[in-house]
Each structure stands twice: as C-alpha cells, then as structure tokens.
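Now for the letters of each chain:
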Amino acid sequence: MAILQTKNLSKVYNPDTVPVHALRDVSITIDKGEFTSIVGPSGSGKTTLLNMLGGLDKPTSGSVWVNGEEITSMKESKLIDFRLHNIGFVFQHYNLIPVFTAHENVSFIMLLQNRSKKEIRERADDLLEQVGLGDRKNARPVQMSGGQQQRVAVARALASEPKFILADEPTANLDSTSAMNLLDIMNKMNREQNVTFVFSTHDQRVIDRARRVITMVDGAIHKDEYRDVEETAEN
Amino acid sequence: MKIYLKLAWRNIWRNKRRTIITVSAIIFAVMLAIILQSVNRGSYEVMIDRMVSFNTGYVQIQDMRYDEESSLDNSFWYDEELRDRILNADLRIERMAPRIETFMLAANHTSTRGSVVFGKNPQKEKKFNDFENYLSEGRLFEMNEQSVVLARGLAERLQLGVADTLVLIGQGRFGMSASGLFEIVGILDHPVRQLNNNGVFMALDTAQHLLSAEGYITGLMIAPVHERQTNSVASSLKEELKDEELAVYTWPELIPELLELMEMDLATPRLLTVVLYVVIGFGFLGTILTMTLERLREFGVLLSVGMQRFKLSAVLFIETIFISIIGVLAGIAVAWLILVLIDPIYLTGEAAQAVIDMGFDPVIPMSFAADQFYRQGFFVFLVAVAVFMFPLIKISRLNILDAARS
C-alpha cells in the first residue's frame, strides 16, 4: 500500500535569474514498511526530494501525496499539524532540544499531540528502551555521545507514531560502531514493527542495509532498485 | 502548558551569565525608579494624609453650591434621617463627621485677624484624626460649651493664651449677625500650616448657634473602611443623593492643587524612569535578540517536527516574561528593603529648621504606596512586550529550511 507518492515533482531554484533544476519530474511511490535509501552525489537533489516528501519545501510543479492526501497545496499551519501526526524526522545533526532530557525530548512531540500523561510517559519509556537508552532517559543531549543522541532522535521521530520516518544523512556524524548500532535499531523497527524509513545518504553502510535504493543524478531518478538485503549482507 | 513553561524556564538559564546581567539591569532600573518616586512622594503623602484626615475626609458631602460660593447660605440640613440614608447607601462607610466652617474676624482687646472657624463634634472628629494630640496647652472643647481651641499661629498673632477670651465677629446664615465671646480652653499646633495660622475650633452645636445655623453643616466628612473604596463609596453616595441638592466629592477633587503640585514634582523622577527603562530596554532587547538568533536552527527543527509558530512564539514570550518577572520582583524586594532601612531620612541643621518652620517634622518620609511598586511591573511588562516584537517577527517570517541550515 502506497503511503508516500510523488507525481512529476520538479523544483527550480532562482527561476528568474540563473535557474537551478534541483528536481526534474520525479515520480516515486513508497509503500508501507519500506526501508529505502535515496542516494546520489552532492547536488543530485536527494535532500531537496526529502524536504519535499516531508512538506518542508514546496515544489515548482508536481505534487506529493501522503497516505492519499496531497500535502503540496496545504496551508502552513495545517501542514505543520500534518507533519506532527504523520511524519517523523531524523536529522544529520540530531537536533534534540538541548535543555530537555532524553525522556523529555521524546515526550515533547507527544505533548504537542495532546496525548495523555500516562500514555506519553509509558511510550517514551518504551521507545528509549527500544533504542537501548532506558538507563539514560534523564540525561541531557550534552551528556550523551553523538550515537546516543541520534538514537534519542530516532525515538523522538517514532514517538508520534508517524506514517513514515525521513532521515537525512542520519549516520553522517557518527563513528562506525554508533552508525551500525543505529542502523541495527532502525532495521529492527522496520522488520518487527513495519516502520517505514526513507533515508538520504552517502553512507555505504546505510545503502547496504536498504532494501530499495533510489539513485539520483542531476535532480532526476537515475536508478530505482529493490534488493534482498540479507543476501547482500551475506555476500 | 507546563512543558512550555519548563522549556522557557530552562532556555533562559542556558546562558546564566547573560540572563543574570539582564535581570540585574532590570532590578537596578526598578529599584532606582521606586526609590526616586518614593522619596518624592513621601513628603506629599504626609501632606495629603493630613489634609484628608484633618480637612477634607476621603469623601465629603456639601451643598451643590458650596464649591462655587463657600458661604453659610450654601450649608445643608443634616439630621438623623439624612445620616441614616447616607450610612445605608454604602455599608463600606465606616466614619462620618459633620462640620460647619466659615470665615470670621477673631479679635483680642486691641487687634483683629481673619480666621476660619470650625464647628466640630470632638467625639466624631477623634475617629478621623489625632486632633487632640496636637494640643500643646489646655484641653479640647466639649459639646455645648462656649469655648474655643485656638491654633498656635493665630494665638501668637493675637497674643492670646489659655483662659483668655476670644472675640469672634462675623456673619451667620442668611446675613444674620454673628458675634460672641469665647473662652480659650486650648492651644493647638495644627499640622496643616495654613490652619495653624488662622484656625479657631469649637463645638459643632456652639458654632451652629453662633452662626444662626442650627441643624445645618457645610460639610460632612466621610471615611470608608479602606482608602481604596473611596471612589466606589462616592459613586454609591452620588446615586443615593442624585435627587438632592447635594454634591459628593472625593478628596482628590477637593485638593487638586496639592495633587497637581505633587505630579509636577514627580515629573523629574518619572522622566528619569522613562530614560532608565529605555536604556534597560535596549539591554533587554540585546539579550532577547541573541537568544533568538542563536536558536534559529532549533526553531526550524521545532517547526519541522510539528510545533506551530504561535506555540513557539508563546515560549519566547514566556521567556521574556520570566526575565521581566524575576527582575521586577527582585527589584521591588531590594527597593522595599532599602526604603525600610532608610525611612525616614532625618534632617539636621538649617534644612531641619526650615521644615519645622513650615509645620512639618524634620524628616523626609519614604512613600510605600503600592502603586509605585506595581507600576514598575507594568512598565517592565510594556518593555518586555516591545522587546518581544523582535522574536515574534523573526518566528513569523522564519523559513524552516533556511533556519535548519543556519
């Protein structure tokens, strides 16, 4: 079942001066439970595409559909609310709220959703356990390693029970062990809970784990391949 | 809401030193503003308090023509029925004292002076002021007694003392001749300078008889339970007496010139306060500006993950208010402490003598009027609102992607 779809998505920066075609007629469909990497060289348009999928940027033409709802024409306040309930974000620089503890960072999204205190507390505890940080829930970002912060970011992204999670270069700032650890967690969530992940990445370790790899070149889809990850890993 | 308060509170302490400096600046401004005004207002409050308690009352009822022509012809009938009506008009009325007042010539055997004769009920007057405590010689008159208490200044001018006889000559109600001989039973150092120079005080019924105005008074002094009830009590009385030829005044309406004088004297400290707040406001703006600009990326992320702009603005507003509240409360506390410690400032030497000559104690009392404290809070709140415009505009125009990249 398609939960994310783009139709003839194009983005042109500086259309009146020096036009830069960041996206050219991109049409993709992502189904629930996919573990997809968007790859390509710098400037290929993968971050622009990710921003479009997350409703953070407006296309010049074309449309983005999430769970059957077109988000490109939504007004900003509705779009913010839509993101809150439907899209999870994991950023390259973690971007946790520095004055909140790990538990509060995860809880905050649910508070914005006006969930009950009991549900928020239990779900935040559960998510931090799932990412292996049950014993660090009272630590603030500055007291955690980059890997731990990114795991909190994953827990935060999952907290709102989104339709899918967009992760922009999630391992770019992590050491090898932390990156593998993070990928293990996301992979496990994908397989066991059917959580949909869409990455933009340069990291071969992420690409190796992806069951679908969309390669972009000059703003257009160059290749879109599905793979059997376990076979790839074994090979 | 709790989470926004928590977020705002922690945000302001991200950079402790910066917040402490900003809060200190607000404390300094609030403290200085309060002390400046307190010193200036203290002396006026003593004057006003004396005028209200000795002369006008918090509320005063007069004949509607008396304000234009302060003549006995414009006195009004005051009996038990009117008294009960007034008392029942507002249950917050605590005390009332009827008076009759007129100009007369006061004379000894060789000279004459202009004087203001007051007919008072000593028992009721006691509830308004400590009139009796200002007696420096003799005793207070009693009702139905053909005696007077003379203000010190007038007594000295007429060279009269206790047990001497005072001649009063004047005009009673509707042109009736009014004159009489009165035994001086006491000399009073009246705290209101003008009255100390020309005041003659006698029993209300004695004065009414002298002035052919039995049953009539020129003013009814009224005091509510609390001073703050003055206006509402006056409103109730105006409503009750709207069909009568009576006028109800509050004390500021009766002594506007004193209030105007105070306002003029307060203009300088107020101007200084405005300048102070403008300077502090720029410092405050600097802090909020930095707190905003250094967190643009964080704001971008919060908008990305689903926080509405107005909620983000609310957090910034709470941060601004938190800094203001800490500064204002601490500033008020420090100012209060300083005022308590220095109140009153004792004058010495020539300055002290000059003040004594004017009929006041040789001290500069501090004012502890509540409004000068909470007004500072209001001004700082206005500054905070003005300062908050920057983050408000910044957040409303924030481009999520640009912010996230910053």
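What you see is a predicted model, and the numbers here were worked out from it, not measured in a lab.

> Explanation requested: the overall build of chain A in the structure shown.
Of the regular secondary structure elements, chain A holds eight helices and eleven strands. Taken along the three principal axes of its C-alpha coordinates, chain A extends 50 × 45 × 35 Å. Here chain A, with 235 residues, has 48% of them falling under the buried criterion. Excluding contacts between residues fewer than 6 apart, the proportion of contacts in chain A whose partners are at least 24 apart in sequence is 70%.

> What am I meant to see in the overall build of chain B here?
Looking only at helices and strands, chain B features 15 helices and 14 strands. For chain B, whose C-alpha radius of gyration is 30 Å, the value lies well above the compact-globule estimate of 22 Å for 406 residues. The C-alpha extent of chain B, read off along each of the three principal axes, is 100 × 55 × 30 Å. Within chain B, contacts between residues at least 6 apart in sequence are counted, and of these 80% link residues at least 24 apart.

> Any chance you could explain the confidence of the model for chain A here in plain terms?
Regions with low pLDDT should not have their predicted coordinates read in detail. Residue and element names in this part refer to chain A. Averaged over every residue, the pLDDT of chain A is 90; residues scoring 70 or more account for 97%. At the level of individual helices and strands, chain A shows its lowest average pLDDT in helix H8 (residues 229-234), which scores 48, and its highest in helix H3 (residues 102-112), which scores 95. Contacts of residues 231-235 to residues separated by more than four positions or lying in other chains number three contacts, the stretch itself having pLDDT below 50.

> Please explain the nonpolar core as it appears in this structure.
If you look at soluble globular proteins, the nonpolar side chains tend to sit buried side by side. Ranked by internal contacts, the top residues of the largest apolar core, which has 110 residues, are Val-154, Ala-155, Ile-165 and Leu-166 of chain A together with Ile-26 and Val-30 of chain B. Here this core gets nine residues from one element, more than from any other, and that element is helix H2 (residues 16-56) of chain B. Beyond its immediate chain neighbours, meaning those up to four positions away, Val-154 of chain A contacts Val-90, Val-131, Leu-182, Ile-185 and Met-186 of chain A. Of all hydrophobic cores here, the second largest spans 57 residues; its members include Val-52, Leu-150, Ala-178 and Ala-223 of chain B.

> Please explain the sheet that holds strand E4 (residues 35-39) of chain A as it appears in this structure.
Residues and elements named next belong to chain A. Read from one edge to the other, the open sheet built from six strands follows the order E7-E8-E9-E4-E10-E11, with strand pairing classed as mixed. The open sheet has two edge strands, strand E7 (87-90) and strand E11 (220-226), and neither has a second partner. Along the sheet, successive strands turn relative to each other by an average axial angle of 20°, direction set aside. Two strands pair when backbone bridges link them, and E4 and strand E10 (residues 212-217) are joined in this way by four bridges, in the parallel orientation. Opposite Thr-36, over in E10, you have Arg-212 as the bridge partner. Strand contacts of helix H5 (residues 146-159): E7 and strand E8 (164-168), with the helix running at about 170° to E7, the strand carrying the most contacts.

> I tried to follow the interface of chain A and chain B on my own but got confused; where do I start?
How big an interface is tends to be expressed through the accessible area that disappears when the partners come together. Chain A puts 17 residues into the contact, and the matching count from chain B is 15 residues. For the side of chain A that touches chain B, the elements supplying multiple residues, two or more each, are helix H2 (76-86) and H3 of chain A. Here the residues of the side of chain A that touches chain B sort into eleven nonpolar, three polar and three charged.

> What is the right way to look at the environment of His-93 of chain A in this model?
All names here are of chain A. Relative to the elements of secondary structure, His-93 occurs in the loop between E7 and H3. With 16 C-beta atoms counted inside 10 Å, the residue His-93 sits in the partly exposed group. Along the backbone, His-93 and Ala-172 are 79 residues apart, and their C-alpha atoms lie at a distance of 8.4 Å.

> How should helix H4 (residues 117-130) of chain A be read in this particular structure?
Residues spaced three or four apart along an α-helix point in a common direction, a consequence of the helix completing one turn every 3.6 residues. Residues and elements named next belong to chain A. With 14 residues, H4 extends 20 Å from end C-alpha to end C-alpha; this agrees with the ideal 20 Å at 1.5 Å per step. Within the span of H4, buried status applies to Ile-120, Ala-124, Leu-127 and Leu-128. The buried residues of H4 all sit within an arc of 95° when viewed along its axis, so they share a single face. When the buried face of H4 is taken as reference, the exposed residues oriented beyond 90 degrees from it are Lys-118, Glu-119 and Glu-122.

> Can you walk me through the pairing of strand E9 (residues 197-201) of chain A in this structure?
One face of the sheet, then the other: side chains in a regular strand alternate in exactly this way. All names here are of chain A. Where burial is concerned, most of E9 is hidden: five out of the five residues are buried. The two faces of E9 match: Phe-197, Phe-199 and Thr-201 on one face and Val-198 and Ser-200 on the other face are all buried. Of the pairings in the sheet, the one linking E8 to E9 comprises four bridges and is parallel in character. When the bridges of E9 are listed, Ile-165 appears paired with Phe-197. For the crossover that starts at E8, traverses helix H6 (residues 176-193) and ends in the parallel E9, the hand is right-handed.

> Mind showing me how you'd approach the packing of H3 of chain A against H4 of chain A here?
Packed helices, taken two at a time, are described by their axes: the angle between them and the distance between them. Residue and element names in this part refer to chain A. The interhelical angle for the contact between H3 and H4, taken along N-to-C directions, is 130°, at an axis separation of 9 Å. When the axes of H3 and H4 are compared, the pair comes out oblique. Here the hand of the crossing between H3 and H4 comes out right-handed. Here Ala-102, His-103, Val-106, Ser-107, Met-110 and Leu-111 of H3 lie close against H4, whose contacting residues are Ile-120, Arg-123, Ala-124, Leu-127 and Leu-128. Counted by class, the contact of H3 with H4 contains eight nonpolar, two polar and one charged residues.

> Whenever I open this one, unusual backbone geometry confuses me. Can you help?
Of all residues except glycine, most have a negative phi; of all peptide bonds, most are trans. All names here are of chain B. Residue Asp-343 is joined to Pro-344 through a cis peptide bond whose omega torsion reads -15°. Residue placement: Pro-344 occurs in the loop between helix H12 (309-342) and strand E13 (345-346). Phi is positive for Asn-144, which is not a glycine, with a value near 65°. One can find Asn-144 in the loop between strand E5 (135-138) and strand E6 (147-151). Non-glycine residue Phe-174 carries a positive phi angle of around 50°. Along the polypeptide, Phe-174 turns up in the loop between strand E7 (165-171) and strand E8 (177-188).

> Would you take a moment to explain H2 of chain A for this structure?
When we look at burial in H2 of chain A, the residues that qualify are Leu-79, Ile-80, Arg-83, Leu-84 and Asn-86 of chain A. Each element contacted by the buried residues of H2 of chain A is listed here: strand E5 (61-66), E7 and H3 of chain A together with helix H11 (296-305) of chain B.

> I keep staring at the pairing of strand E4 (residues 112-120) of chain B and nothing clicks. Help me out?
All names here are of chain B. By the bridge criterion, nine bridges tie strand E3 (residues 93-107) to E4 in an arrangement that is antiparallel. Pairing of Ala-107 across the sheet is with Thr-112, part of E4. Joining the antiparallel neighbours E3 and E4 is a turn of four residues. Here E4 pairs with strand E9 (residues 199-203) via five bridges, running parallel. From the neighbouring strand, Val-116 faces E9, where its bridge partner is Gly-199.

> Help me out: how do you make sense of the environment of Ser-177 of chain B in this one?
For Ser-177 of chain B, the position within the fold is in strand E8. Excluding anything up to four places from it in sequence, Ser-177 of chain B contacts Gln-171 and Gly-172 of chain B.

> Mind showing me how you'd approach the packing of H2 of chain B against H12 of chain B here?
Residue and element names in this part refer to chain B. Relative to each other, H2 and H12 sit at 40°, their axes nearing to 7 Å. Judged on the interaxial angle alone, H12 and H2 are oblique. In this structure, H2 meets H12 at a crossing whose hand is right-handed. Residues Thr-19, Thr-22, Val-23, Ile-26, Ile-27, Ala-29, Val-30, Met-31, Ile-34, Ile-35 and Ser-38 of H2 lie in contact with H12, whose contacting residues are Ile-323, Ser-324, Ile-326, Gly-327, Val-328, Ala-330, Gly-331, Ile-332, Val-334, Ala-335, Ile-338 and Leu-339. Split by residue class, the contact of H2 with H12 holds 17 nonpolar, six polar and no charged.

Rules used throughout
Residues numbered from 1 in each chain as written. Chains lettered and ligands numbered in written order. Predicted model: local features only at pLDDT ≥ 70, side-chain atom pairs only at ≥ 80, totals over all residues. Helix = DSSP H or I, 4+ residues; strand = E, 2+ residues; numbered from the N terminus. Buried ≥ 20, exposed ≤ 12 C-beta atoms within 10 Å, placed from the backbone. Contact = placed C-beta atoms within 7 Å. Rg over C-alpha atoms; globule rule 2.2 N^0.38 Å. pLDDT = per-residue confidence, 0-100. Core = buried A, V, L, I, M, F, W, Y, C linked by C-beta atoms within 7 Å. Pairing = 2+ DSSP bridges. Axes fitted to C-alpha atoms, helices over the stretch in contact; angles between N-to-C directions. Nonpolar A, V, L, I, M, F, W, Y, C, P; charged D, E, K, R; others polar. Expected span 1.5 Å × (residues − 1). Arc of directions from axis to C-beta. Right-handed = clockwise from strand over helix to strand, strands pointing away. Parallel < 35°, antiparallel > 145°, perpendicular 65-115°, else oblique. Left-handed = near helix turned anticlockwise from the far one by under 90°.

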